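Residue-level listing of the chains:
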Amino acid sequence: MKVSKIAVLTGGGDCAGLNPALKWVVKTAMDSRLVKERGIRYEVLGIREGFKGLSVPEPWNISAEEHITYLDEETVRTWDRYGGTMLGTSRYSPYDPQCNTVDLVIKNIRELGLEALIVLGGDGTLSIASRLAQSGVNVIGIPKTIDKDLAQTEYTLGFDTALNVITEEVDRLRTTAGSHRRIFVVETMGRTAGWLALEGGEACGAYITLIPEYDFSFARVNELLLEGKKKGARYEIILVAEGAKPVGGTEIVQREAVDSFGHKDLGGIGAFVADEIQRITGLETRSIVLSHLQRGGSPSAHDRRMGRHFGIAAVELVVKQDYGKMVCFRDGRITTSPLQEIQGKVRRVDVSTLYDVERYGGRRSVLSVF
Ligand code: F6P
């Protein structure tokens, strides 16, 4: 029986769905029935805190499993019930000039005798995976981010659970908004893509949804609000993606610095929109920022199942030794895409088919007419 070692890591922002995927990577790799069919038994190593866990000399010699832990079916048995990542994560990039540990990472992978590395990540982490693949490392990617903004895939782990958080929190907000006859502006995450705000707005029944892909006009926002008031609305809910901006405006950031992946620290548009609405219309308006609540909580049924499918598919690619690929969800199927196809790209909302630019919300025609 050939014994082969693979490792798995989670990098970038955490989200629900990571632990279900980790569980099914381990269960598939170590499934005794599949071992018989393949003639290979896999050992699975968990790398802690993303690429940071491979960026120290001889991480296997450091005690208390600080950087590397051996995983097995009993260890991961209950993981699919929990949010976040049991391995921990980081936004550490070995390609960051301030880190510059690519050679050490590749050396550790070789010295650990790894057949393959499975990387769960968003655009930043999977771009690292793609560059390692181009340097000859056997890498498989699994798409995760609540932003759902990865190219080549129509789903990324964490998105559905985040949608549920938005829906539940806005439902909770409606009673106080109605009691005080207030407008509430709710800022969602999503970076430069509007998927979370757009689909969150459709799910929670927001009156207006503002997204980064279509700059909004305050005059139009206020016109819509005054129209609603005239029709007798006691209150309104407005969803604003953190990357949205007014016509001629710029994204609002919380601080000028960018992270290891070059991402800005967006935040503050919700309060800005609320202040402007109250200043111009006189309507009492408040804002809240859902922030990291959208990343938390136990995985929804959809994220548990997608984590299972992606985890199984990633190991199937390892068995076939079909490396340099990311497992994806496209046209209703689990499929794959070369990692290079996603590197440095962002999948954004197609305004022409998905967004109502008059009413600032989800599309109002859904039967495909072309
Ligand atoms: O990419 C996922 C995400 O949640 C974005 O929507 C958000 O802008 C960013 O991560 C927040 O990053 P951090 O967790 O480092 O504050």
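Here the structure is shown first, and the text comes after it.
What you see is a predicted model, and the numbers here were worked out from it, not measured in a lab. (Residues numbered from 1 in each chain as written. Predicted model: local features only at pLDDT ≥ 70, side-chain atom pairs only at ≥ 80, totals over all residues. Heavy atoms only, no water.)

(A) The arrangement of the overall build of the protein chain in detail. Tallying secondary structure elements over the protein chain gives eleven helices and 15 strands in all. Scaling as 2.2 N^0.38, a compact globule of 370 residues should have a C-alpha radius of gyration of about 21 Å, and the protein chain matches this with 22 Å. Across its three principal axes, the protein chain shows a C-alpha extent of roughly 75 × 45 × 40 Å. Each of the 370 residues in the protein chain was classed as buried or not, and the buried ones make up 54%. Within the protein chain, residue pairs in contact and separated by at least 24 positions form 73% of the contacts whose partners lie at least 6 positions apart. The centroid of the 47 positive side-chain charges in the protein chain is displaced by 3 Å from the centroid of its 48 negative side-chain charges. (Helix = DSSP H or I, 4+ residues; strand = E, 2+ residues; numbered from the N terminus. Rg over C-alpha atoms; globule rule 2.2 N^0.38 Å. Buried < 20%, exposed > 50% of the residue type's maximum accessible area, 1.4 Å probe, protein only. Contact = heavy atoms within 4.5 Å. Lys, Arg positive; Asp, Glu negative; His and termini not counted. Charge placed at Lys NZ, Arg CZ, Asp CG, Glu CD.)

(B) How the structure looks around the sheet that holds strand β7 (residues 208–210). Read from one edge to the other, the open sheet built from four strands follows the order β7-β8-β6-β11, with strand pairing classed as parallel. With one partner strand each, in any of the chains shown, β7 and β11 (285–289) form the two edges of the open sheet. On average, adjacent strands in this sheet sit at an angle of 20° to one another, irrespective of strand direction. Two elements, strand β6 (residues 183–188) and β11, share five bridges in a ladder whose sense is parallel. Counted as the bridge partner of I183 is T285 from β11. The strands that helix α6 (residues 159–180) touches are β6, β8 (236–241) and β11; relative to β6, the one it contacts most, it runs at about 160°. (Pairing = 2+ DSSP bridges. Axes fitted to C-alpha atoms, helices over the stretch in contact; angles between N-to-C directions.)

(C) Quick peek at the nonpolar core. The biggest cluster of nonpolar side chains holds 77 residues, and the ones touching the most others in it are I118, I142, L210, F216, V221 and I238. Built from parts of two domains, this core gets at least three residues from each of domain 1 (2–157 + 299–341) and domain 2 (161–296). In this view, F216 contacts L210, V221, A244, K245, P246, V247, I269, V273 and Y360; residues no more than four positions away in its chain are not counted. In terms of nonpolar packing, the next biggest core, distinct from the first, is built from 30 residues, I47, V102, L112 and I342 among them. (Core = buried A, V, L, I, M, F, W, Y, C linked by side-chain atoms within 4.5 Å. Domains from an automatic or database assignment.)

(D) Just the pairing of strand β12 (residues 325–330), in detail. Alignment of strand β5 (residues 139–143) against β12, held across two bridges, turns out to be parallel. Looking across to β12, one finds that I140 is bridged to K325. Two elements, β12 and strand β13 (residues 333–338), share six bridges in a ladder whose sense is antiparallel. In the sheet register, F329 faces β13, and the bridge partner there is I334. If you look at the hairpin formed by β12 and β13, you'll find two residues sitting between the two strands, and D331 has a positive phi there, around 50°.

(E) Inspection of the site of the ligand at higher detail. Around the ligand, the structure places R91, T145, I146, D147, M189, G190, R191, E242, H292 and R295. Measuring from an oxygen atom of the ligand, one finds a side-chain N or O atom of H292 at 3.0 Å. If the ligand stood free it would expose 400 Å²; the protein chains cover 79% of that surface. Of all the cavities here, the one that holds the ligand is the largest pocket. Looking at side-chain class alone, the shell around the ligand contains two nonpolar, three polar and five charged residues. Each of domain 1 (2–157 + 299–341) and domain 2 (161–296) gives at least three residues to the shell around the ligand. (Near = heavy atom within 4 Å. Polar contact = N/O pair within 3.5 Å; in protein donor to acceptor, adjacent residues only side chain to side chain. Areas by Shrake-Rupley, 256 points an atom, 1.4 Å probe, with all protein chains shown as cover. 1 Å grid on protein atoms, 1.4 Å probe; cavity = no way out; pocket = protein on both sides within 12 Å on 5 of 7 lines; lining within 4 Å. Sits in = over half its atoms within 2 Å of the grid points. Nonpolar A, V, L, I, M, F, W, Y, C, P; charged D, E, K, R; others polar.)

(F) Broad picture of the packing of aromatic side chains. Scanning the entire structure with this criterion turns up five aromatic pairs. For the ring pair Y155 and F159, a centre distance of 6.4 Å and an interplane angle of 80° mean the geometry is edge-to-face. One exposure class covers both Y155 and F159, and it is buried. Both rings, one in F218 and one in F272, keep their centres 5.6 Å apart while their planes meet at 80°; by these two values the pair is edge-to-face. Of the two residues, F218 is situated in helix α8 (residues 218–230) and F272 in helix α9 (residues 269–281); the sequence distance between them amounts to 54 residues. (Phe/Tyr/Trp six-rings, centres within 6.5 Å; stacked < 30°, edge-to-face > 60°.)

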